[in-house]
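# Observations on chain architecture
Each chain is listed here by its residues.
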Amino acid sequence: KMEEEDGPKPMFKPQETEMPSGEKWEMLESSLKIFMQNNIPIESRSELKKREEVMAELKRIFQQWVYEVCLKKEKMNEEQARAAGGKLYTSGSYRLRVHEPGADIDSVGVAPRMCGRAEFFTSLKESLLNHADVENLRAIDTAAVPILTFDMRGVNIDLLFAQLPMNTVPESTDIDNDAILNAVDSASEKSLNGPRVTNLIYKLVAHNYDSFLAVLRVVRVWAKRRGLYSNKSGYLGGVNFNILVGIICQMFPKATPAYMLNQFFQIFAHWDWDTMPAMLTKPLDISRTLDQQFEVWTIHQLQINKRNNLMPIITPAYPAMNSALSVNPWTFQIIVNEFQRAANICDAIKQDHFFQNNISSGARRLYLPRLAKTWNKLIQPTEFFAKYDHYLALRILGGAEVGGAERESTGCPENKDADQFEEFEDFKGFISSRLRKFVEKIGALPFSVVHLFPKEFPEDNAERRHATRYYFGLITDEARLKEGEKLVLTHVWTSFWLDEVVRNKAIPQHLDLKLDYLRWHQLPHQLFDGNRNQVRKARQAILKNNQNNQDLQTDLQTDKTENQSDRVKKHRTTGLFLTPDLIIVGDTIPISLHNLPIDLPKLSSSLVSWPPLQTNKTHLTISRLATFSFEQYTSLAQTTGDSHLPINPDTDEPIVAEFDTFIDGPEAKKLKTQHPTFNQILDELPTTTPTLLQSNAYHLEHTAVPPPTSKITTLSHKPEPMAIDHAV
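Residues numbered from 1 in each chain as written. Predicted model: local features only at pLDDT ≥ 70, side-chain atom pairs only at ≥ 80, totals over all residues. Heavy atoms only, no water.

### Focus: the overall build of the protein
Rules: Helix and strand assignments come from DSSP, with helices taken as H or I runs of at least 4 residues and strands as E runs of at least 2, each series counted from the N terminus. Exposure is judged per residue with a 1.4 Å probe applied to protein chains only, and the accessible area is read against the type maximum: over 50% gives exposed, under 20% gives buried, and values in between give partly exposed. Where accessible areas are quoted, they stem from the Shrake-Rupley method and a 1.4 Å probe; at the residue level, only the protein chains shown are allowed to cover.
Summing up its helical and strand segments, the protein has 25 helices and 17 strands in all. Buried positions account for 53% of the 728 residues belonging to the protein. Accessible surface, the protein: about 34000 Å² in total, of which carbon and sulfur atoms supply 49%.

### Some points on unusual backbone geometry
Between Y318 and P319 the backbone carries a cis peptide bond, its omega angle lying at -5 degrees. As for its position among the elements, P319 is in the loop between β7 (313-314) and α12 (329-355). Positive phi, close to 55 degrees, is recorded for K75, a residue that is not glycine. At R153, a residue that is not glycine, the phi angle is positive and equals roughly 55 degrees. Structurally, R153 is set in the loop between β4 (147-152) and β5 (155-163). Under the relative-accessibility criterion, R153 is labelled partly exposed at 37%.

### Considerations on the sheet that holds strand β2 (residues 105-111)
How we decide: Strands are treated as partners if at least two bridges between them are detected by DSSP. Where helices are involved, their axes are fitted lines through C-alpha atoms of the stretch in contact, as for all axes, and angles between N-to-C directions lie from 0 to 180°. Contacts were defined at the residue level, with two residues in contact if any of their heavy atoms lie within 4.5 Å.
Here we have five strands laid out as an open sheet, ordered β1-β2-β5-β4-β3, and mixed in their pairing. The two strands at the open ends of the sheet, each matched to only one other strand, are β1 (87-91) and β3 (134-140). With strand direction ignored, the average angle separating the axes of adjacent strands in the sheet is 25 degrees. Sitting on the sheet, helix α6 (residues 117-129) touches β3, β4 and β5, and the angle it makes with β3 is about 165 degrees.

### Details of α6
For clarity, the cut-off: Multiplying 1.5 Å by the residue count of a helix minus one yields the expected span of that helix.
Between its first and last C-alpha atoms α6 spans 17 Å; for 13 residues at 1.5 Å apiece the expected length is 18 Å, and the two agree. All buried positions along α6 are accounted for by E119, F120, F121, L124 and L128. Those residues of α6 that are buried are in contact with α3 (45-72), β3, β4 and β5.

### What to know about the pattern of salt bridges
Keep this limit in mind: We define a salt bridge as a side-chain nitrogen of Lys or Arg found within 4 Å of a carboxyl oxygen belonging to Asp or Glu.
Within the structure shown, the criterion is met by 28 salt bridges. The salt bridge partner of E425 is K428, with a shortest N-O separation of 3.2 Å. Taken together, the residues span about one helical turn, with E425 and K428 both in helix α16 (residues 414-432) at a distance of three residues. The residues E425 and K428 share a single accessibility class, namely buried. Between E459 and R469 there is a salt bridge; the shortest N-O distance is 3.1 Å. With a gap of 10 residues between them, E459 in the loop between β9 (447-458) and β10 (464-476) and R469 in strand β10 connect regions that are remote in the sequence. Residue E459 shares its accessibility class with R469, and that shared class is buried. The network of salt bridges with common partners includes R395, E459, R469 and D516.

### Things to note about the packing of aromatic side chains
Put simply, the test is: Pairing of aromatic rings covers Phe, Tyr and the six-membered ring of Trp, with a centre-to-centre limit of 6.5 Å; geometry is then stacked below 30 degrees between planes, edge-to-face above 60, and tilted otherwise. Two conditions define a charge located above a ring, namely a distance within 6 Å from the ring centre to NZ of Lys or CZ of Arg, and an angle within 35 degrees of the ring normal.
Inspection of the entire model under this criterion finds 40 aromatic pairs. The interplanar angle of 70 degrees and the centroid separation of 5.7 Å between the aromatic rings of F384 and Y388 together place this pair among those described as edge-to-face. Given a relative accessible area of 0%, F384 falls into the buried group. Take Y388: its relative accessible area is 4%, and that puts it in the buried class. Here a set of aromatic residues connected by ring pairs shows up, and it is made of F12, W222, Y229, F241, F264, F265, F268, W271, W273 and F339. Sitting over the face of the ring of Y94, R97 holds its NZ or CZ atom 4.5 Å from the ring centroid. Directly above the aromatic system of Y229 lies the positively charged group of K224, at a separation of 4.8 Å from the ring centroid.

### Re the pairing of β4
The buried count for β4 comes to six of six residues, which makes it a mostly enclosed element. Between β3 and the antiparallel strand that follows it, β4, lie six residues. Direction of pairing for β4 relative to β5: antiparallel, over a ladder of six bridges. Counterpart to D151 in the pairing with β5 is N156. In textbook terms, the turn of a hairpin is the stretch between consecutive antiparallel strands, and for β4 and β5 this stretch comprises two residues, one of which, R153, has a positive phi near 55 degrees.

### Some remarks on helix α9 (residues 238-251)
The terminal C-alpha atoms of α9 lie 20 Å apart, and with 14 residues this matches the ideal 20 Å at 1.5 Å per residue to within 8%. In terms of residue burial, α9 counts as a mostly covered element, since 13 of its 14 residues are buried.

### What to know about the nonpolar core
Note the following rule: Only buried residues count toward a nonpolar core. Its members are Ala, Val, Leu, Ile, Met, Phe, Trp, Tyr and Cys residues joined through side-chain atoms within 4.5 Å.
W222, F265, L378, L394, F438 and L513 are the most contacted members of the largest nonpolar core, which totals 104 residues. Once residues lying within four places of it in the same chain are set aside, the contact partners of F265 are V219, W222, F339, A342, A343, C346 and L378. Counting residues in hydrophobic clusters, the runner-up holds 32 residues, among them W65, I105, M152 and F161.

### Looking at the packing of helix α17 (residues 435-442) against helix α19 (residues 490-502)
The condition is simple: Helix crossings get a hand from a simple test, with the near helix turned counterclockwise from the far one by less than a right angle marking a left-handed crossing and a clockwise turn marking a right-handed one. Each residue is assigned to one of three groups, with Ala, Val, Leu, Ile, Met, Phe, Trp, Tyr, Cys and Pro labelled nonpolar, Asp, Glu, Lys and Arg labelled charged, and all others, Gly among them, labelled polar.
Packing of α17 against α19 brings their axes to within 10 Å, and their N-to-C directions diverge by 145 degrees. Between α17 and α19 lies a crossing of right-handed hand. Residues K437, F438, K441 and I442 of α17 form the contact with α19, whose own contacting residues are V492, W493, S495, F496, D499 and E500. Of the residues contributing to the contact of α17 with α19, the split by class is five nonpolar, one polar and four charged.

### Description of the side chain of E338
Note that E338 resides in helix α12. A relative accessible area of 7% places E338 in the buried class. Other than its neighbours up to four places away in sequence, E338 contacts W222, R226 and L228.

### A word on the environment of Y235
Locating Y235 in the fold gives a position in the loop between α8 (209-225) and α9. Among the residues examined, Y235 registers a relative accessible area of 0% and is labelled buried. Through-space distance from the C-alpha of Y235 to that of R436 is 9.2 Å; in sequence the pair is 201 residues apart. Ignoring any residue separated from it by four or fewer positions in sequence, one finds Y235 in contact with G227, L228, S230, N240, S326, V327, T331, I334, I335, H451, L452 and P454.

### Details of the environment of A144
Considering the arrangement of structural elements, one finds A144 in the loop between β3 and β4. Taking the C-alpha atoms as reference, A144 lies 8.6 Å from K190; in sequence the two are 46 residues apart.

### Looking at the pairing of strand β8 (residues 390-401)
Most of β8 sits inside the fold, with 11 of its 12 residues counted as buried. Sheet topology places β8 next to strand β11 (residues 512-519); eight bridges connect them, and they run antiparallel. Considered in β11, the bridge of H390 is made with R519. When β8 meets β10, the two strands line up antiparallel, connected through 10 bridges. Following the sheet pairing, E401 is matched in β10 by R464.

### Side note on the confidence of the model for the protein
Defined as follows: Per-residue confidence from the predictor is reported as pLDDT, which spans 0 to 100.
The predicted model of the protein averages 76 in pLDDT, with 70% of residues at 70 or higher. Looking over the protein, one finds the lowest element-wise mean pLDDT in helix α22 (residues 564-573), namely 29, and the highest in β2, namely 97. Below pLDDT 50 for its whole length, residues 405-412 participates in 12 contacts with residues either more than four positions away or in separate chains. In this model, residues 560-626 is a region of pLDDT below 50 whose contacts with residues beyond four sequence positions or in other chains number 198 contacts.

Have a look at this one:
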């Protein structure tokens, strides 16, 4: 009750009540100001005015929709319908006024009980579609927080929806009052959480809001340039940085921007995340006063659920939650490393400024522009595409094949392509939200670094009409490899497809995922904006700091003098042996899991390469995940002598199993010679083979001794064949 009357209490007491002063600090502040003017974009007055006009129009549309629903659905008279009201709230960067030019606007429409989510995605959606200024509208009604996203006059808007259990939502409605959550559903609570958290952050930093804004603007640009700004990819997002900067604002309530920025990086570079959650105010649990119970984060989560609390950044509004729940061990280390890098840079900048304090004031003014440029290093783009030797490219594909038979014969009608593009965009958004899961899956393999770059790269000249890709940087864990661990990606890729994609999403036929492996010199030139030589120099600098990376050093030595014959030799020495018709000779041709008769090329000596099939002593195993009827399963089990059938023979449910086909030496050699790709080999297999769950869910293996004709291993037996919990 005391907190409700007096407002939220800051979590941290001031560390310093008076800030350092003097000419050296004034110089630091002046240089930061010049740096921000040149490098931290701020939206123009005309653009700000346009955003205000857009939000005013959206508010009018929303309230008109509430009015029309009340008239038609509830049969109210006009006076009652008008009184129903409806409010539009904003949150995030736009609400705090720290957004960059072109940023989207997070908004929430709050409606009375008569207006449900069904009407939101039908009649309101229709009103927006018919509006002359609205473009690119997409409805995502199956998400945990359903959303309409669209552009209005070029401004991107994410519109959430909250339904309150009351007859009217007047202008006086106060969503900051916790009682507003009484009897609302989970989706409405999550939608209201955005503006409630934003408003409370503002209240907790209002004493030094100008410094808060300045520091937050720099931090946002730093995070985006360094590849850290993406909550769904396992990094940090807007609300996380709002809270972290707010904490520094609490610790140093009178700090100037340069001092606060320096403290921000120094403190969080050494923050003890194991024992100290980052929060602006102590979480308050008022569940007992509400009809609806919501889960509230507590300090005990650090012990009982450590996996999901690696970097606990707690929202201040009820119900308190960890806003950095998606951070995993791989992204955690990358974030911490970047904080440490930034802390070192800021400390060097400060020392450089203090050293120049001995010069005269006139010379100091002339020297300021040069000092301002020292801040540039802080926001230099990430070295992601320079510091790794091994990369994976996860490609998201959709639409017709470019130049394919379908397009040539039908012309790919415009309405069909529009539908496919919408499905592709939906699929792309879904996959991007699952990328951190893929990181966790491949993280179980012997890698010391798995680095997801949280930005998509649309493909040029792709074989499909719609295509984009995400990149992962990899470093192998040599110690684990020496202990005998194997580095094979096929089953991990299959597990991701089945557990994270197929299980959660119905996928139209034209959509697909592919996984390519690339060395640094195979990365597309478009990634370097014409500065590949400059990036190569950056790699050389990284090599000096990583003398133990012998593989990278070898690659650098051959980069400048590489010719076609060198490339063939290089691929062979790195463990990728290809038959003459599959030799890769270009710089940009990746190796795909889908189109080569091997697993992903080996990243270390522990992977068995594909030797040439020259004798009849080598035999071939093709292993695939497949679905069987009970009759097929029984027949194959009897053939192989496997009498153990862990299934119920009275059920008609399909059986999911790993199916191995063994081919003797001469036949394997014939297949390898005539049909060098996986799909071509599969086409030659007997038609009695069961239906494949996924075309890339298999691997090839050589054996010196002729194996039996076939073999079957049950993985699981569930009602839905695609829902597999399997351990290979």
